[in-house]
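For reference, the chains in residue letters:
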Amino acid sequence: MPVVTSPYTPGTPCWIDLMVPDQQAALDFYRDLFGWQGEVGPPETGGYAVCTLNGKAVAGIMTAMAPEGQPTPPTAWTTYLATADADATTAAITRAGGAVLMPGMDVMTIGRMAVVAEPSGAVFGLWEAKDFSGAQVVNEPGSVVWNELLTGDTAAAAKFCSAALGIEASPMEGAEGYFSLSAGGRVVGGMQGLGQLPPGTPPHWLAYFSVDDTDSTVDALIRAGGNVLKPPFDMVAGRMAVVQDPQGATFALINATGPELP
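So, here is what we can say about the structure in this document. As the structure is a computational prediction, the values presented were derived from the model and not from experiment. (Residues numbered from 1 in each chain as written. Predicted model: local features only at pLDDT ≥ 70, side-chain atom pairs only at ≥ 80, totals over all residues. Heavy atoms only, no water.)

Turning to the overall build of the protein, a few remarks are in order. Within the protein one finds four helices and 15 strands. Relative to its length of 262 residues, the protein is compact, with a C-alpha radius of gyration of 17 Å against a globular reference of 18 Å. Principal-axis analysis of the C-alpha atoms places the extent of the protein at approximately 50 × 45 × 40 Å. Counting the 262 residues in the protein, one finds 45% classified as buried. Taking the intrachain contacts of the protein between residues at least 6 apart in sequence as the baseline, contacts between residues at least 24 apart amount to 59%. Carbon and sulfur atoms make up 53% of the accessible area of the protein, which totals about 11,900 Å². Each charge class in the protein can be summarised by its mean position, and for the 10 positive and 26 negative side chains these summaries are 3 Å apart. (Helix = DSSP H or I, 4+ residues; strand = E, 2+ residues; numbered from the N terminus. Rg over C-alpha atoms; globule rule 2.2 N^0.38 Å. Buried < 20%, exposed > 50% of the residue type's maximum accessible area, 1.4 Å probe, protein only. Contact = heavy atoms within 4.5 Å. Areas by Shrake-Rupley, 256 points an atom, 1.4 Å probe, with all protein chains shown as cover. Lys, Arg positive; Asp, Glu negative; His and termini not counted. Charge placed at Lys NZ, Arg CZ, Asp CG, Glu CD.)

Pasting the structure below:
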């Protein structure tokens with residue numbers, strides 16, 4: 001199992017978490033689907049649950065709470081990108097035409113976070129690691145294997161990623177309209193436009209979870225009350241599907257067999 005023991009290179013997806021109306025229901029669903037272990041956290045962390053896979057941190061799940069006077073955040077998985085300085089990065093994001101939705105804030109002694117958006121509106125997080133670097137297991141069944149930016153303007157997003165995040169976008173050979181995202185000289189994710197998605201789909205970051213068998217995992221998800229947005233299909237990197245959990249959070253499943261995913 002690939003266990004992450006060193007800090008993530010800035011610009012690399014390093015953590016994901018989920019905001020849901022019913023935290024316990026989500027903990028139960030992902031336990032059954034991926035084998036995660038997690039429980040509601042202490043009050044001082046707002047009940048935040050760090051889920052583990054074979055004892056290693058894999059993702060977070062929390063109850064969606066609205067700041068005073070604000071609407072409740074949507075039920076969604078958030079991808080966090082590593083940064084060496086969250087405040088400097090949020091300033092760079094503003095200069096590059098992005099938006100800062102939640103300025104940098106300390107999370108006890110484990111790190112500093114912010115929530116931001118690229119120019120077309122795709123929301124993501126920033127994570128400046130202190131005591132906690134991020135996901136301790138990746139690229140294994142039940143863990144994140146890929147993160148993808150789906151944006152309203154790939155040219156503008158590529159310019160933004162380079163200027164604000166130090167991430168370089170390059171056309172991916174053999175996949176028309178698809179771009180690889182690289183940080184520190186290593187491919188860390190992908191990017192494409194919204195043209196292949198249903199009209200009205202907003203820009204967003206999509207997390208892919210590795211599975212041993214895409215079709216059987218989709219069957220299990222359906223039995224547990226989930227929804228299938230794109231049934232299993234074969235593509236250049238493997239067999240994938242796009243699904244929603246019972247509370248509406250969208251994610252992808254993939255049995256990665258091609259060289260395009262790490």
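This paragraph deals with the packing of aromatic side chains. Within the structure shown, the criterion is met by 15 aromatic pairs. Arranged with centres 5.1 Å apart and planes meeting at 90°, the rings of W15 and F132 form a pair that is edge-to-face. Placement of W15 in strand β1 (residues 13-20) and of F132 in the loop between β7 (123-129) and β8 (144-150) is noted, with a sequence separation of 117 residues between them. For the pair formed by W15 and F132, the shared burial category is buried. Aromatic side chains W36 and W77 sit 6.0 Å apart centroid to centroid with 90° between the ring planes, which places their arrangement in the edge-to-face category. Pair noted here: W36 is in the loop between α1 (23-34) and β2 (49-53) and W77 is in strand β4 (residues 76-82), with a separation of 41 residues, a long-range link. Among the residues examined, W77 registers a relative accessible area of 7% and is labelled buried. These aromatic residues form a ring-pair network of at least three members: F29, Y30, F34, W36, W77, F209 and F251. Sitting over the ring of F233, K230 keeps its end group 4.6 Å from the ring centre. (Phe/Tyr/Trp six-rings, centres within 6.5 Å; stacked < 30°, edge-to-face > 60°. Lys NZ or Arg CZ within 6 Å of the ring centre and 35° of its normal.)

Closest axis-to-axis distance for the helix α2 (residues 86-95)/helix α3 (residues 154-165) pair is 8 Å, and the angle between their directions is 145°. Between α2 and α3 lies a crossing of right-handed hand. Together, T89, A92 and I93 of α2 and F160, A164 and L165 of α3 make up the contact between the two elements. Partitioning the contact of α2 with α3 into residue classes produces five nonpolar, one polar and no charged. (Axes fitted to C-alpha atoms, helices over the stretch in contact; angles between N-to-C directions. Left-handed = near helix turned anticlockwise from the far one by under 90°. Nonpolar A, V, L, I, M, F, W, Y, C, P; charged D, E, K, R; others polar.)

A word on the nonpolar core. Y30, F34, W36, I61, W77, F209 and F251 are the most contacted members of the largest nonpolar core, which has 29 residues in total. Elements supplying a minimum of two residues to this core: β1, α1, β2, β3 (56-63), β12 (204-210), α4 (214-223), β14 (238-244) and β15 (250-256). When residues in this core are grouped by element, the largest group, six residues, is from α1. In this view, Y30 contacts L18, G35, W36, I61, W77, D245, A249 and F251; residues no more than four positions away in its chain are not counted. Counting 18 residues, the second largest nonpolar core, distinct from the first, contains I93, L126, L181 and M191. (Core = buried A, V, L, I, M, F, W, Y, C linked by side-chain atoms within 4.5 Å.)

Turning next to the sheet that holds strand β10 (residues 178-183). Here we have eight strands laid out as an open sheet, ordered β9-β10-β11-β8-β12-β15-β14-β13, and mixed in their pairing. What marks the edges here is a single partner per strand, and that holds for β9 (168-171) and β13 (227-235). Direction aside, the axes of adjacent strands within the sheet are offset by 30° on average. Here six bridges tie β8 to β12, and the two strands are oriented antiparallel to one another. Within the sheet, the bridge partner assigned to E148 lies in β12 and is L206. This element, α1, spans β12 and β15 of the sheet and lies at about 10° to β15. Together, β8, β9, β10 and β11 (186-192) form the strand contacts of α3, whose direction differs from that of β11 by roughly 150°. (Pairing = 2+ DSSP bridges.)

A few words on the sheet that holds β3. If you trace the seven strands from one edge of the open sheet to the other, you get β2-β3-β1-β4-β7-β6-β5, paired in mixed fashion. The strands lining the two open edges of the sheet, one partner per strand, are β2 and β5 (99-107). The mean inter-strand angle of the sheet, taken between neighbouring strand axes irrespective of direction, is 25°.

A few words on the side chain of R112. Tracing the sequence through the fold places R112 in strand β6 (residues 111-117). Polar contacts involving the side chain of R112 include one to the side chain of D87, which spans 3.0 Å. (Polar contact = N/O pair within 3.5 Å; in protein donor to acceptor, adjacent residues only side chain to side chain.)

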